Amino acid sequence: MKRTIFSNQLLPWLLLAPQLAITFIFFLWPAGQAIKQSFLREDAFGINSSFVGLANFTALLDSPEYLNSLKVTAVFAISVTVVSMGVALLLAVAVDRMLKSSRTYTTLLVWPYAVAPAVAGILWWFIFNPTVGVMPYVLEVIGYDWNHISSKTDAMILVVIASAWKQISYNFLFFVAGLQAIPASMREAAAIDGAGPVRRFFDITFPLLSPTTFFLLVVNIVYSMFETFAVIDATTEGGPAQATNIMVYKVYFDGFIGQNLGSSAAQSVILMLIVISLTVIQFRWVEKKVEY
Amino acid sequence: MASITLDNLGKVYPGGTRAVGDVNMQIADGEFIVLVGPSGCGKSTLLRMVAGLESITEGEVRIGDRVVNTVEPADRDIAMVFQNYALYPHMSVRQNLAYGLKNRGTSKAEITRRVDEAAEILQIGQFLDRKPRALSGGQRQRVAMGRAIVREPAAFLFDEPLSNLDAKLRVAMRLEIKELQRRLRTTSLYVTHDQLEAMTLADRLVVLNGGQVEQIGTPLEVYRNPASTFVAGFIGSPAMNLIPSRAVPHLPGSAHAGIIGIRPEDLAVDPDGPIEMQVRAVEELGAQRLVHGHTNGADLTITLGSHADLHDTLRLSAQPEALHRFDEKTGKRLA
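This is a predicted model, so every value here is computed, not measured.

Rules used throughout
Residues numbered from 1 in each chain as written. Chains lettered and ligands numbered in written order. Predicted model: local features only at pLDDT ≥ 70, side-chain atom pairs only at ≥ 80, totals over all residues. Heavy atoms only, no water. Helix = DSSP H or I, 4+ residues; strand = E, 2+ residues; numbered from the N terminus. Buried < 20%, exposed > 50% of the residue type's maximum accessible area, 1.4 Å probe, protein only. Areas by Shrake-Rupley, 256 points an atom, 1.4 Å probe, with all protein chains shown as cover. Lys, Arg positive; Asp, Glu negative; His and termini not counted. Charge placed at Lys NZ, Arg CZ, Asp CG, Glu CD. Axes fitted to C-alpha atoms, helices over the stretch in contact; angles between N-to-C directions. Parallel < 35°, antiparallel > 145°, perpendicular 65-115°, else oblique. Left-handed = near helix turned anticlockwise from the far one by under 90°. Contact = heavy atoms within 4.5 Å. Nonpolar A, V, L, I, M, F, W, Y, C, P; charged D, E, K, R; others polar. UniProt positions renumbered as here; feature names shortened; annotations may be inferred. Expected span 1.5 Å × (residues − 1). Bend = angle between axes of the 7 residues up to and from the residue. Pairing = 2+ DSSP bridges. Salt bridge = Lys/Arg side-chain N within 4 Å of Asp/Glu carboxyl O. Buried area = accessible area lost by both parts, 1.4 Å probe. Polar contact = N/O pair within 3.5 Å; in protein donor to acceptor, adjacent residues only side chain to side chain.

1. Section: the overall build of chain A
Step number 1: Helix and strand content of chain A: 12 helices and two strands.
Step number 2: Shown N-terminal to C-terminal, the secondary structure of chain A runs as helices and strands in the order α-β-β-α-α-α-α-α-α-α-α-α-α-α.
Step number 3: Projected onto its principal axes, the C-alpha coordinates of chain A cover approximately 75 × 75 × 30 Å.
Step number 4: The buried share of chain A, taken over its 292 residues, is 40%.
Step number 5: By element, 70% of the accessible surface of chain A is carried by carbon and sulfur atoms, the whole surface being about 16800 Å².
Step number 6: Looking at charge distribution, chain A has the averaged site of its 17 positive side-chain charges lying 12 Å from that of its 17 negative ones.

What follows is the structure in structure tokens.
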């Protein structure tokens, strides 16, 4: 790495300023506001607020609705991550074995990533719409009565598919790159060593992909906890009966619809802590098992 | 242990490019065969066809009495050493060595025995619990060989195994491979672009050019009687002088042949010699010197002892039996 020595003390700060400004305005400041707000309670008209200590937090942890949201978030985040990474890996392995037309295939598979989450949500909402959607019609043929408006399971499946679908493209690109970085001779050596295709994948390819897998694990969990807000909002709005009310959606709903800013702020602080600690855990423990 | 037979072996890629054609060869049990040629001559493709990593489009490969054209690499009873070693980076050296045996359902005790034996032969016993990245190039090379040895296969296939090592290590490992093969007497097929490696290792060497076999023979046969100008120029260092006969009209036999070949070491300074050489440059190698120059417009290189007197013009002569004659058009050797 080249080291540049600035003779002027001001210039480096000037160059950093745009990034620092973005971090400050869009992350540090709101996060600070949220932390401050989480200790306050506002009156019904938003005129006065009073300091209530940890009351917002204790109220949350006593609330069955909030505990439900925690559980829903866990199920949702794990499902989205497993589905999007699993499907992406499968597609990437297929492309890696392909000689012809793998470029076209790759290009087509990347398109969904360009679709905005809200649009993706609406798209899947139409496909699975119990009255006009094509999937319920197909499912009815095989004897399944799909209705995500009344069935909690169906609703969860819908939001998982809609959220995972978009992320598959992203994961796919990384997996393809990861696979291509594994020397062909490694797999050839394994083939000569008597390992069949499945064995080769699990003994050689998958362990060698682990840096990519680890990176995607972090990205996908953070994605499913934060960036899926638009998908939920466009499809189920957290329903039915709180079945898809993940934490980030509840933050929005309680704060902006329910106008309970103190509780909403406390929730976002908890969410922030969860994601920070998850990432720390992943880097501390999972990374040690990763073969670089 | 087995013989290998290549019968009219050829490879044409789907685009129509011919990588290898008409290779006929009988490799005896325990023989060390070196495939040598410039890059792109098809030597690696040929090896990979024997290994089963490349499909065979023409002819047959037989290992022992069995035609293996469509047999999976794993079932051909061969072991291969790759140029980049292809060690599994996430496995310890022991696991690397044991992997092939484990896949074949060898018993634990037998695996341990064979791995320890191979480690002993290759002196890698103290590295068995390390990962490949903690090893030097030479040590990795040994592990790659160990992985081949433990399998006790019918044949070893080497794909330029020494080309990633530095010059000194390469010479040392070359010797070790030679000794190892003597000891194990396993049929070996070895690919290299380095003619020195080919000369020193081979029982017989196969010189390839443009996917075709130019010559098959023992190193000395090939050195003494190169079958074509290509072989003459490729085997031997410094390369044989290939001179149009009109540039050396006073040499015996030069009237008939199109191209005369003379090895640099076969040319001697002789005040009455028939060749007059204008010296252009001298390379000092210590034990000898390489003198480059030209005669009648044809390039000429000779090797001289380090004490020889140098002048701007040298007169040279060569023994009649040291002259090689080649056809000008086909480049083939004339009797």
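2. Quick notes on the packing of helix 7 (residues 152–180) of chain A against helix 9 (residues 197–227) of chain A
Residues and elements named next belong to chain A.
Step number 1: Put simply, helix 7 and helix 9 touch, their axes get as near as 10 Å, and they point 150° apart. Considering the angle they form, helix 7 stands roughly antiparallel to helix 9. Between helix 7 and helix 9 the crossing geometry is right-handed. Each of Ser-163, Lys-166, Gln-167, Tyr-170, Asn-171, Phe-174, Phe-175, Gly-178 and Leu-179 in helix 7 lies in contact with helix 9, whose residues at this interface are Thr-205, Leu-209, Thr-212, Thr-213, Phe-215, Leu-216, Val-219, Asn-220 and Tyr-223.
Step number 2: Broken down by class, the residue content of the contact of helix 7 with helix 9 amounts to nine nonpolar, eight polar and one charged.

3. Regarding the UniProt feature "transmembrane region" (unreviewed entry) in chain A
All names here are of chain A.
Step number 1: As annotated by UniProt and renumbered to match this structure, "transmembrane region" (unreviewed entry) occupies residues 12–32, 73–95, 107–127, 155–179, 200–223 and 265–286.
Step number 2: As annotated, residues 12–32 comprises 100% helix and 0% strand, and the C-alpha atoms at either end are separated by 26 Å.
Step number 3: Structurally, residues 200–223 is divided into 100% helix and 0% strand, and its ends, taken at the C-alpha atoms, are 31 Å apart.

4. Thoughts on helix 9 of chain A
Step number 1: Taking 1.5 Å per residue, 31 residues should reach 45 Å; helix 9 of chain A reaches only 36 Å between its end C-alpha atoms and comes up short.
Step number 2: At Ser-210 of chain A, helix 9 of chain A shows its maximal kink, close to 55°; a proline, Pro-211 of chain A, follows between one and four residues later.

5. A closer look at helix 1 (residues 10–37) of chain A
Step number 1: Over its 28 residues, helix 1 of chain A extends only 35 Å from the first C-alpha to the last, a length that falls short of the 40 Å expected when each residue adds 1.5 Å.
Step number 2: The principal kink in helix 1 of chain A, of about 50°, is found at Ala-17 of chain A, preceding the proline Pro-18 of chain A by one to four residues.

6. Points about the sheet that holds strand 5 (residues 66–67) of chain B
Residues and elements named next belong to chain B.
Step number 1: Pairing is antiparallel across the open sheet formed by four strands, whose spatial order is 2-1-4-5. With one partner strand each, in any of the chains shown, strand 2 (18–27) and strand 5 form the two edges of the open sheet.
Step number 2: Note that strand 1 (residues 4–12) and strand 2 share six bridges and pair antiparallel. Bridging from a neighbouring strand, Leu-9 pairs with Val-23 of strand 2.
Step number 3: Together, strand 1, strand 2 and strand 4 (58–63) form the strand contacts of helix 1 (residues 43–51), whose direction differs from that of strand 1 by roughly 120°.

7. Observations regarding the pairing of strand 12 (residues 259–262) of chain B
Residues and elements named next belong to chain B.
Step number 1: Here strand 12 shows two buried faces, one formed by Ile-259 and Gly-261 and the other by Ile-260 and Ile-262.
Step number 2: Across four bridges, the pairing between strand 11 (residues 241–244) and strand 12 is antiparallel. Paired with Leu-242 across the two strands is Gly-261, which belongs to strand 12.
Step number 3: Where strand 12 meets strand 18 (residues 324–326), three bridges bridge the pair, whose relative direction is antiparallel. Bridged to Ile-259 within strand 18 is Phe-326.

8. Some words on the pattern of salt bridges
Step number 1: For the coordinates displayed, the defined rule picks out 22 salt bridges over all chains.
Step number 2: Asp-254 of chain A serves as the salt-bridge partner of Lys-250 of chain A, at 3.1 Å between the closest nitrogen and oxygen. Separated by four residues within a single helix, Lys-250 of chain A and Asp-254 of chain A lie in helix 11 (residues 247–257), roughly one turn from each other.
Step number 3: For Lys-250 of chain A, a relative accessible area of 4% gives the class buried.
Step number 4: You can call Asp-254 of chain A buried: its relative accessible area is 18%.
Step number 5: With a shortest N-O distance of 2.6 Å, Glu-60 of chain B and Arg-62 of chain B are connected by a salt bridge.
Step number 6: Under the relative-accessibility criterion, Glu-60 of chain B is labelled partly exposed at 28%.

9. A word on the interface of chain B and chain A
Step number 1: Taken residue by residue, the interface counts 25 residues in chain B and 18 residues in chain A.
Step number 2: Summed over both partners, the interface of chain B with chain A comes to about 1700 Å²; 57% of that surface belongs to carbon and sulfur atoms.
Step number 3: At the junction of chain B with chain A, the criterion picks out two salt bridges.
Step number 4: Two residues, Arg-151 of chain B and Asp-193 of chain A, come together in a salt bridge whose shortest N-O distance is 3.7 Å.
Step number 5: The tally of links between chain B and chain A comes to 12 residue pairs in polar contact (both at pLDDT 80 or more).
Step number 6: Mapped by element, the contributors of at least two residues to the side of chain B that touches chain A are helix 1, strand 6 (78–81) and helix 2 (93–103) of chain B.
Step number 7: When residues of the side of chain B that touches chain A are assigned to their parent elements, the largest contribution, four residues, is made by helix 2 of chain B.

10. What to know about the UniProt feature "domain: ABC transporter" (unreviewed entry) in chain B
Step number 1: The UniProt entry lists residues 4–235 of chain B under the feature "domain: ABC transporter" (unreviewed entry), expressed in the numbering used here.
Step number 2: The annotated region residues 4–235 of chain B carries 37% helix and 25% strand content, and the separation between its end C-alpha atoms amounts to 25 Å.

11. Quick notes on the sheet that holds strand 18 of chain B
All names here are of chain B.
Step number 1: Reading across from one edge, 11-12-18 is the order of the three strands in this open sheet, with antiparallel pairing throughout. With partners counted over all chains shown, the strands left at the sheet margins are strand 11 and strand 18, one partner each. The average angle at which neighbouring strand axes cross in this sheet is 30°, direction not considered.

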